[in-house]
Amino acid sequence: RVLFRSRHAYLLDANVFVAAWKLYYRRSFAPAFWEHLDSLIRRKSAFIIEPVFLEVCNGNDALASYVAEYKALVAKPDQGTLTAYAKVLQTLSDCVERQRYYKNAALRNWSQPNVADPWLIAVAMAKNAIIVTQEVGILRGANQSSGLMGNAKIPDMAWMMGVPSMDMFDFIEQTGFLWRQNG
């Protein structure tokens, strides 16, 4: 069983791994980033939840092999998470039916058990964690009359549920990562 022990627990979205691996911090030239991330995961400061693990490992590439090394550390849902998951989907349903922020497709998509987004929010609610994602929210401060959106975004739904979220760069800064220069 994975325990959330750190002062700040961070839940990593799949897009954090993908963006870091493919766009920003390839292991070949930024091994220090991956060492830092590995340290956070092994110290139980950063977590990979099961749907994120499965999504990344489904890629069948070098990134999938890297993330597969953390299989024993993957956080699985408990009763508190299941209760929070139901609240996330109910809030999204309200956003579709009453507030008219999203199209029905948003609820259909997030209701699929393998979609990680609502699980990230549910685990964060249950464990008082911070979500790290590269998704960009659009609801905060936006004019809601601008039309329905096709899919819910993690930062928007997290904000509605009172869950903090941040992007990868804020996460790097907040966790004290420093680039090392050689010579």
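Being a predicted model, the structure only gives us computed values, none of them experimental. Positions within a chain are numbered from 1, following the residues in the order the chain's sequence is written. Side-chain atom pairs in this predicted model are given and counted only at pLDDT of 80 or more, local residue features only at pLDDT of at least 70, and totals for whole chains, interfaces and linings cover all residues. Each side-chain value is derived from all of the structure's non-hydrogen atoms; neither hydrogens nor water enter the calculation.

Draft legend 1. Spotlight on the packing of aromatic side chains. To pair, rings of Phe, Tyr and Trp, with the six-membered ring standing in for Trp, must have centres within 6.5 Å; the planes then decide the type, stacked if under 30 degrees apart, edge-to-face if over 60, and tilted in the middle. For the coordinates displayed, the defined rule picks out 10 aromatic pairs. Where Trp21 meets Trp34, the ring centres are 5.1 Å apart and the plane angle is 75°; that geometry is what we call edge-to-face. Here Trp21 is found in helix 1 (residues 14–24), whereas its partner Trp34 is found in helix 2 (residues 31–42), with 13 residues between them in sequence. Partly exposed describes any residue whose relative accessible area lies between the buried limit of under 20% and the exposed limit of over 50%, with all areas from a 1.4 Å probe on protein chains only and scaled to the type maximum. Overall, the relative accessible area of 16% leaves Trp21 in the buried class. Taking relative accessible area as the criterion, Trp34 reaches 3% and is therefore assigned buried. Where Tyr66 meets Tyr70, the ring centres are 5.6 Å apart and the plane angle is 75°; that geometry is what we call edge-to-face. You can call Tyr66 buried: its relative accessible area is 4%. Take Tyr70: its relative accessible area is 1%, and that puts it in the buried class. A network of ring pairs unites the aromatic residues Trp21, Tyr24, Tyr25, Phe33, Trp34, Tyr66, Tyr70 and Phe169 as a single cluster. Strands are runs of DSSP state E lasting at least 2 residues, helices are runs of H or I lasting at least 4, and numbering of each runs from the N terminus.

Draft legend 2. A look at the confidence of the model for the protein. Model confidence for the protein is summarised by a mean pLDDT of 86, while 87% of its residues fall at 70 or above. Across the chain, each position has a pLDDT score giving the predictor's confidence in that residue, from 0 to 100. Averaged pLDDT values for the elements of the protein fall to 87 in helix 6 (residues 104–110) and rise to 96 in strand 3 (residues 130–132). Per-residue pLDDT stays below 50 along residues 1–6; that stretch engages in 19 contacts with residues further than four places along the chain or on separate chains. In what follows, residue pairs with any heavy atoms lying within 4.5 Å of each other are defined as contacts.

Draft legend 3. Region of the structure containing the packing of helix 3 (residues 50–57) against helix 7 (residues 116–127). Lines fitted to the C-alpha atoms define the axes, with helices restricted to the stretch that makes contact. Angles between their N-to-C directions range from 0 to 180 degrees. One way to put it is that helix 3 packs onto helix 7 with a least axis distance of 8 Å and a crossing angle of 145°. Contacts between helix 3 and helix 7 pair Pro51, Val52 and Glu55 from the former with Ala116, Trp119 and Leu120 from the latter. Here the residues of the contact of helix 3 with helix 7 are counted per class, giving 5 nonpolar, no polar and 1 charged. Under the scheme applied, nonpolar residues are Ala, Val, Leu, Ile, Met, Phe, Trp, Tyr, Cys and Pro; charged residues are Asp, Glu, Lys and Arg; polar residues are all the others, including Gly.

Draft legend 4. Structural view of the side chain of Asp117. With respect to the helices and strands, Asp117 occurs in helix 7. As used throughout, the charge tally considers Lys and Arg to be positive and Asp and Glu to be negative, leaving His and the chain termini uncounted. Put simply, a salt bridge is a Lys or Arg side-chain nitrogen that is within 4 Å of an Asp or Glu carboxyl oxygen. Comment: no salt bridge for buried Asp117; closest opposite-charge side chain is Lys153, at 7.2 Å.

Draft legend 5. Structural context of the side chain of Thr81. You can see Thr81 is positioned in helix 5 (residues 79–97). Residue contacts for Thr81: discarding those within four places in its chain leaves Trp119, Ala122, Val123, Ala126 and Lys127.

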